[in-house]
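# Architecture at a glance
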Amino acid sequence: MAGVIEEARGKRGIERQIVLPWSRALQMTRESIFVRIGRSVITALGIFLGVAFMSAVLYGSAAVRVKANVDAQQLGLVHETAEMQARTIWLVAMSLVVATVGIVNSMLMSVTERYKEIGTMKCLGALDSFIVRLFILEALLLGILGSLAGALVGVVLMAIVNAKSLGWAGTVAVWKETAVVLGSRPIPLWVGVLFGIIIGGVLSMLAALYPAWRAAKMPPAAALRSEF
Amino acid sequence: MSTSVYEYIVRTKDLSKIYTMGGTEVRALDDVELDIRRGEYVSIMGPSGSGKSTLFNMIGGLDKPTRGTVFIDEVDMAQLDAFELAWLRCRKIGYIFQTFNLIPVMTALENVTLPMVFAGMTTDEALDKGVELLRTVGLGDRRDHKPTELSGGQQQRVAIARAFANDPAIILADEPTGNLDLRTGKEIITLLKQMNEEKKVTVISATHDLKMIDVSDRVVWIRDGKIERIEERADIQIDVGKMEGEEG
């Protein structure tokens, strides 16, 4: 008798596989983001605010250094930057923590709302890993988009606020100025902002990992029963 | 009598499901033994809470039984690993639900082709087959509509097309007419029967819609998690008349 197992095992190689190509996963993710744009914006907002705040703090710190260099007579400022150093790091860390809490929360919501959809997909033959892959991709895209927008808004706002005191030359110079010193390594502003965008994407992805994995592990019957 | 002549596509043995709710045990299924022949149209009837949805979940591999076995093509479903179970759901079984369960962000055609994507079919092949299936269920002109732009009956037609995506051997339907009006419900039943005859697919439908009896080869009556009686087609006819009389 041609059993199910034999059929599945025997031809697992080429034709009889279960697949979700990355291109298709990406397309599904994109559609999902745009069709549920309201929910997507809320999810991205946490990371957006976090990265915007982080960029602004870094910009402010770099701007102070530029001003200190320009006005060499204000020696007191050099002392203050050392003090500000700890505060900058603390603020950056806090902004990331707040952003992470926000995105974990909205990812949990967004996954819970879609239990039924997840159950349906599993009925259609999706492996647990497909579900996780779709949510991770979605979170990564939202995280990167949110962080990009956040970095842009944070930097532009600070540039406008500091435009008068920095002048045009100062606004250009601030990009390469040290924003924060980690250990004894000075980190230029542009590296800090870039780091913020990357960490925004990564944090968002990590935040989606647990809820997506938990949802994927659910027996389909339980996932289908949930009403939202 | 002549059971050995038939090939059973689904068999359950001592199938039990016990839920623990607030400290008390609820026997949703109690030692159910049911053999379903290839190509049969079987209705599982019973009041709500009788265990028919639980039975549906067990046969479909959507939940694990507390005790007992489900055999699909003589293979014990409990022995399958996650990959084989996914393969079974993808290729062997087509599911139809009371609430249609289409993916809301996808068009009708995308919904129908999704199982084909999982099965590794190329995009062109999948699109051709998806369009053909939608035409079969009478929705050839609705392929680019989202579920929210379709009526309940149309959504269920898309769901039926999707269930047939990978030419399954079994169609499992859980209250397929439960959310539809009388006329649309009849249309869906007719469509299911038509597919059952044309594609020789086994249809197993959990329902309490008496209209379903008309097209069934066998009706399995379930009550309190046990099979109360099984009626063959010949016995059914009389009952239908009687029950429709009661209904009116």
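Analysis parameters
- Residues numbered from 1 in each chain as written.
- Chains lettered and ligands numbered in written order.
- Predicted model: local features only at pLDDT ≥ 70, side-chain atom pairs only at ≥ 80, totals over all residues.
- Heavy atoms only, no water.
- Axes fitted to C-alpha atoms, helices over the stretch in contact; angles between N-to-C directions.
- Helix = DSSP H or I, 4+ residues; strand = E, 2+ residues; numbered from the N terminus.
- Parallel < 35°, antiparallel > 145°, perpendicular 65-115°, else oblique.
- Left-handed = near helix turned anticlockwise from the far one by under 90°.
- Contact = heavy atoms within 4.5 Å.
- Nonpolar A, V, L, I, M, F, W, Y, C, P; charged D, E, K, R; others polar.
- Salt bridge = Lys/Arg side-chain N within 4 Å of Asp/Glu carboxyl O.
- Buried < 20%, exposed > 50% of the residue type's maximum accessible area, 1.4 Å probe, protein only.
- pLDDT = per-residue confidence, 0-100.

Next up on the list: the packing of helix H2 (residues 22-35) of chain A against helix H6 (residues 128-173) of chain A. Residues and elements named next belong to chain A. Two elements in contact, H2 and H6, have axes separated by 9 Å at closest approach and are oriented at 60°. When the interaxial angle is binned, H2 and H6 end up oblique. Here the hand of the crossing between H2 and H6 comes out right-handed. Listed contacts from H6 to Trp22, Ala25, Leu26, Met28, Thr29, Ser32 and Ile33 of H2 are Arg133, Leu134, Leu137, Glu138, Leu141 and Leu142. Tallied by class, residues from the contact of H2 with H6 come to nine nonpolar, two polar and two charged.

The subject of this paragraph is the pattern of salt bridges. Residues and elements named next belong to chain B. In total, this model carries 28 salt bridges over all chains according to the counting rule given. Between lysine 17 and aspartate 63 there is a salt bridge; the shortest N-O distance is 3.7 Å. Taken together, the residues span a long stretch of sequence, with lysine 17 in strand S1 (residues 8-21) and aspartate 63 in the loop between helix H1 (52-59) and strand S4 (67-72) at a distance of 46 residues. Residue class for lysine 17 comes out buried when judged on its relative accessible area of 10%.

Turning our eyes to something else, we now look at the confidence of the model for chain A. Residue and element names in this part refer to chain A. Averaged over all residues, the pLDDT of chain A is 85; the fraction at 70 or higher stands at 87%. Highest mean pLDDT in chain A belongs to helix H5 (residues 115-123) (95); lowest belongs to helix H1 (residues 4-10) (53). pLDDT under 50 marks residues 11-15. Its contacts with residues more than four places away, or in other chains, come to eight contacts.

Further remarks concern the side chain of A:Thr120. By secondary structure assignment, the location of A:Thr120 is in helix H5. Since its relative accessible area comes to 1%, A:Thr120 is described here as buried. Excluding anything up to four places from it in sequence, A:Thr120 contacts A:Leu224, B:Asn101, B:Ile103 and B:Arg162.

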